[in-house]
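Summary of structural features
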Amino acid sequence: MTERADLPDLEYLDSEALKALILAQHAEILRQNQALVSKDEQLQSRDAEIEHLKLLICKLRREQYGRSSEKLDRQIAQLELRLGELEASCASDSERSASGRNSAVGRPARRPLPANLPREVRTYAPPESDCRNCGRQMKQLGEDVSEMLEYVPEHFKVIRHVRKKLVCIGCDRIVQAMAPSRPIERGIAGPGLLAHVLVSKYCDHLPLYRQSEIYGRAGVPLERSTLAEWVGGCSRLLRPLVEVLRRHVMSAGKLHGDDIPVPVLAPGLGKTKTGRLWTYVRDDRSAGDQTPAAVWFCYTPDRKGEHPRAHLSTFEGTLQADGYAGFEQLYAAGKIQEAACWAHVRRKFYDLQEAHQSPVASEALRRIAGLYAVENDIRGRTPEQRCEIRNARSRPQLESLKQWLEETLGKLSRKSDTALAVRYALGRWQALMRYCADGRLEIDNNAAERALRVVALGRKNFLFAGSDGGGESAAAMYSLIGTAKLNGINPESYLRNVLSRIAEHPVNQIDQLLPWNIAAELTGDSRNAA
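A brief structural summary. (Residues numbered from 1 in each chain as written. Predicted model: local features only at pLDDT ≥ 70, side-chain atom pairs only at ≥ 80, totals over all residues. Heavy atoms only, no water.)

1. Topic: the packing of helix 11 (residues 383-409) against helix 13 (residues 429-437)
- Two elements in contact, helix 11 and helix 13, have axes whose closest approach is 8 Å; the angle formed by their N-to-C orientations is 160°. One way to sum up the angle between helix 11 and helix 13 is to call them roughly antiparallel. Crossing hand, helix 11 versus helix 13: right-handed. Mapping the contact onto sequence places Cys-387, Arg-390, Asn-391, Ser-394, Arg-395, Leu-398, Leu-401, Lys-402 and Leu-405 in helix 11 and Trp-429, Met-433, Tyr-435, Cys-436 and Ala-437 in helix 13.
- Class assignment of the residues belonging to the contact of helix 11 with helix 13 gives a composition of nine nonpolar, two polar and three charged. (Axes fitted to C-alpha atoms, helices over the stretch in contact; angles between N-to-C directions. Helix = DSSP H or I, 4+ residues; strand = E, 2+ residues; numbered from the N terminus. Parallel < 35°, antiparallel > 145°, perpendicular 65-115°, else oblique. Left-handed = near helix turned anticlockwise from the far one by under 90°. Contact = heavy atoms within 4.5 Å. Nonpolar A, V, L, I, M, F, W, Y, C, P; charged D, E, K, R; others polar.)

Given below as structure tokens:
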């Protein structure tokens, strides 16, 4: 609605103008009310679907024990996946958590931690043993004990936090140490366990219901819904760090960009729609730059060109990407230059060679291999050296290749697959040549494609995200895990370190928790395991 400060002076408005103003504000109120009703209906629909899925899984499990079949096992697994993703998206929705709507889902009662697990006792004494009021030595009154479930590689343990209470018998004053912070407020999961759950889900592609089964075999019953709450809580906790990572990536002068489809559950329909995960990679190490490499992922519900334009609104430089039409407006504006990908050109000829043993494809592959041979020789050199060598060795090969492609195209049927591959290369020739004039650029966009590989592997196990919110959580975790890998850091060790500190870390110094800034604190095994 229009703010009061923006209203015109009502004293000077005639009756018609006042009527128009009232009608406009009434229409805006109706629009906002409709939006709130629609949002509430979506949330209610999601709650209903969660309850329906739980009922359906229970029913199928009963049938399973009557007569087991691979088809039924598969159906149960898919329903478990859908339910886990919906619960994780509920937990990651901060507005929903604040409003208390999660109580309608039916949170399971917390079980006591298994007594057979080893206990590590950490005692916290108050900062003073003498009463500052009267000077007497204080005596112990009692203690508060709380437990946190932690995961150390290959086994669980329970950390028992004991906070002693001291009392002054002279003035009845009681003191006690502050409770240590937890990554998730009032949660029983330690940072090591949370890091293990996140890496298992987003790096090792283990859905939450499978993790629940694994932990159960280890003697630690953890409900899938509990794991989903942890994932959502970590997603909220790590958002400021992901934002700092995004700014680091976008401050580069050259980026690699790409996207990949991700099936997403449509609320209330039980069907999937197609969302997108976009990746932007900053990695100039092959050009001798020591700036830390990083990758930022972003989820969108569709592939409209407005999304990359929003992502790259602050970026100025060269974008190495495929021929996606949504980038064209970015190039036309002049702030961003296009650098095309020779791997895409090569792939088209490679497919022809595999399918038809085409002589034209074989010759194209041989010539493109000569370009890559130059790149192997100059990897790690300065941009000036790379540019000089490319002009001396690659540019003559490129000019010869263009002439050969133009001559070959005249001999081919216009509708043939080979002609399409040739026209693809010639149609992007200026962008394909740009890497020769700039030593910072790469010959291809493989950096972005490598970053997306983890998503492609995950889709084989997950099949879909639970909601748009689940897609956003996945993008955040892929960003942190991918950046840790690019810097040679074990992502689980990195997340364990961050989650143990971020709850109390000053938000204006959040950049101190970026992977390269805490790499020295991690052990050698943590770095080598990445």
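2. Quick look at the packing of aromatic side chains
- In the structure shown here, the tally under the stated rule is eight aromatic pairs.
- Measuring from ring centre to ring centre gives 5.5 Å for Phe-156 and Tyr-215, while their planes differ by 85°; the resulting arrangement is edge-to-face. Here Phe-156, found in strand 3 (residues 155-168), pairs with Tyr-215, found in helix 5 (residues 208-217); they are 59 residues apart in sequence, far enough to count as distant.
- Centre to centre, the rings of Tyr-324 and Phe-327 are 5.2 Å apart; their planes meet at 85°, and the pair counts as edge-to-face.
- The class for Tyr-324 is buried, based on a relative accessible area of 11%.
- The buried category is assigned to Phe-327, whose relative accessible area is 1%.
- A cation over a ring is seen here: Lys-201 above Tyr-202, with NZ or CZ 5.2 Å from the ring centre.
- One cation-aromatic arrangement involves Lys-348 over Tyr-424; the distance from NZ or CZ to the ring centre is 4.6 Å. (Phe/Tyr/Trp six-rings, centres within 6.5 Å; stacked < 30°, edge-to-face > 60°. Buried < 20%, exposed > 50% of the residue type's maximum accessible area, 1.4 Å probe, protein only. Lys NZ or Arg CZ within 6 Å of the ring centre and 35° of its normal.)

3. A closer look at helix 10 (residues 359-378)
- When the terminal C-alpha atoms of helix 10 are compared, their 30 Å separation across 20 residues agrees well with the 28 Å that a helix rising 1.5 Å per residue should span.
- Buried residues of helix 10: Val-360, Ala-361, Ala-364, Leu-365, Arg-367, Ile-368, Leu-371, Val-374, Glu-375 and Ile-378, and no others.
- Next to the buried residues of helix 10 lie helix 9 (342-356), helix 11, helix 12 (417-427) and helix 13.
- Phi turns positive, to about 95°, at Gly-380, one or two residues after helix 10. (Expected span 1.5 Å × (residues − 1).)

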